[in-house]
Amino acid sequence: MSAQAEIQQLDEMSKNQLVMMDSLEKIYPNGTIAVKDATLEVGEGEFLCFVGPSGCGKSTIFNMITGLTEPTDGKLAVLQTNPEEARKHNDIAFVFQEHTLLPWSNLLDNVMLPLKLRRVPKKQCIEEAERVLELVGLKEHMKSLPRQLSGGMKMRVSIARALVSRPKLLLMDEPFGALDEITRQTLQDELLDIWQKDKQMSVLFITHNVFEAVFLSTRVVVMTPRPGKIADIVDVPVAFPRHDEFRTTHEFSELVRTISLGLQH
Ligand SMILES: Nc1ncnc2c1ncn2[C@@H]1O[C@H](COP(=O)(O)OP(=O)(O)OP(=O)(O)O)[C@@H](O)[C@H]1O
Ligand SMILES: [Mg+2]
């Protein structure tokens, strides 16, 4: 992209816009059209879930936002700049389904790793790691090794490690997919609490589970089968904090229905 086009693109972004995609496209070198014509804006403090059939390009969109892969067409700005720059400023963090904890390091060391790599002074690393371990309810386990933890606890550590850099944008790719339903619901509640405490952080969250998407989101992005297009963006106009009763309301089932119908098109 030319420097002038880039400046123009940044001008188009309002101050509290964290992601701006305009007609974004990704065709892999083997000819697979993974994403086509995706247009979306994400503001500060939003919680967006992406739902769509397997292979519709959800992870590819995340990979473009984080600069791991380049779009083949369209415009993309992240945190008022290009994805590579945004990543360098440590304002983006990710959590994946598979935890990527170091097996030989205790929780404290695992969580402070991103800060250590940036040569943050040790005392500050420890303070920040303790802060986020407290946030996910694992401070008293900070000397444990990952293998001593349950699946849900390992996911909490991964979330803590993502939060330790105080990101503005948190990307989560099917983080709770491998957990049992009860643990999953507990983690959904905890994640919403954490997000509510930080009014500026926006979360982008991929899930196959429409119930999970409705419970968590301010908006749900519904994608079509490959080549992935955005079929619909559904508002979830329900205030936070959301309680478990929300899952039993008529409004909840109607939203699930709308999104499920959208997925069938
Ligand atoms: N590096 C790559 N090279 C070629 N094709 C790829 C590459 N990565 C992904 N694809 C293809 O692009 C399409 C979209 O993949 P992507 O991983 O983004 O889908 P997804 O929506 O995240 O799927 P899932 O829900 O199964 O995780 C798929 O057809 C996939 O095979
Ligand atoms: Mg994926």
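For the structure itself, consult the block above.
Everything in this summary refers to the structure shown in the same document. (Residues numbered from 1 in each chain as written. Chains lettered and ligands numbered in written order. Predicted model: local features only at pLDDT ≥ 70, side-chain atom pairs only at ≥ 80, totals over all residues. Heavy atoms only, no water.)

Section: the overall build of the chain
When its secondary structure is counted, the chain shows nine helices and nine strands. Over its C-alpha atoms the chain spans a radius of gyration of 19 Å, differing by no more than 12% from the 18 Å that the globule rule assigns to 265 residues. Counting only C-alpha atoms and orienting by the principal axes, one finds that the chain spans roughly 50 × 45 × 35 Å. For the chain, long-range pairs separated by at least 24 residues make up 70% of all intrachain contacts whose partners lie at least 6 apart in sequence. Approximately 12,900 Å² of the chain is accessible, and the part contributed by carbon and sulfur atoms is 51%. Positive and negative side-chain charges of the chain, numbering 30 and 36 respectively, have mean locations separated by a distance of 7 Å. (Helix = DSSP H or I, 4+ residues; strand = E, 2+ residues; numbered from the N terminus. Rg over C-alpha atoms; globule rule 2.2 N^0.38 Å. Contact = heavy atoms within 4.5 Å. Areas by Shrake-Rupley, 256 points an atom, 1.4 Å probe, with all protein chains shown as cover. Lys, Arg positive; Asp, Glu negative; His and termini not counted. Charge placed at Lys NZ, Arg CZ, Asp CG, Glu CD.)

Digging into the site of ligand 1
Close to ligand 1 lie 14 residues; Ser54, Gly55, Lys58, Ser59 and Thr60 are nearest. Between ligand 1 and Thr60, the relevant distance is 2.5 Å, taken from an oxygen atom to a side-chain nitrogen or oxygen of the residue. The fraction of the free accessible surface of ligand 1 (640 Å²) that becomes covered by protein chains is 64%. Here the element with the most residues in the shell around ligand 1 is helix H2 (residues 58–65); it accounts for three residues. Along the lines of polarity and charge, the residues of the shell around ligand 1 split into three nonpolar, eight polar and three charged. (Near = heavy atom within 4 Å. Polar contact = N/O pair within 3.5 Å; in protein donor to acceptor, adjacent residues only side chain to side chain. Nonpolar A, V, L, I, M, F, W, Y, C, P; charged D, E, K, R; others polar.)

A short note on helix H7 (residues 181–197)
Here H7 spans 25 Å end to end across 17 residues, near enough to the 24 Å set by a 1.5 Å rise per residue. Buried within H7 are the following residues: Arg184, Leu187, Gln188, Leu191, Leu192, Ile194 and Trp195. Looking straight down H7, one finds its buried side chains confined to an arc of 160°; they lie on one side. Within H7, the exposed residues directed more than 90 degrees away from the buried face are Ile182 and Lys197. A side-chain oxygen of the first residue of H7 lies 3.1 Å from the backbone nitrogen of Ile182; this N-cap is Asp180. (Expected span 1.5 Å × (residues − 1). Buried < 20%, exposed > 50% of the residue type's maximum accessible area, 1.4 Å probe, protein only. Arc of directions from axis to C-beta.)

Here's the deal with the packing of aromatic side chains
Enumeration according to the criterion identifies nine aromatic pairs in this entry. Judged by centre distance (5.0 Å) and plane angle (85°), the ring pair of Phe246 and Phe252 falls under edge-to-face. No difference in accessibility class separates Phe246 from Phe252, as the two residues are buried. Above the face of the Phe215 ring, Arg247 is positioned so that its terminal group lies 3.7 Å from the ring centre. (Phe/Tyr/Trp six-rings, centres within 6.5 Å; stacked < 30°, edge-to-face > 60°. Lys NZ or Arg CZ within 6 Å of the ring centre and 35° of its normal.)

Focus on helix H5 (residues 122–135)
Taking 1.5 Å of rise per residue, the 14 residues of H5 would be expected to cover 20 Å, and the 20 Å separating its terminal C-alpha atoms lies within 8% of that figure. Every buried residue belonging to H5 is among Cys125, Glu128, Ala129, Val132 and Leu133, and all of these are buried. Buried residues of H5, viewed axially, fall in a sector of 135°; they line one side. Within H5, the exposed residues directed more than 90 degrees away from the buried face are Lys123 and Glu134. Where the residues of H5 are buried, they touch helix H4 (107–117) and helix H6 (151–163).

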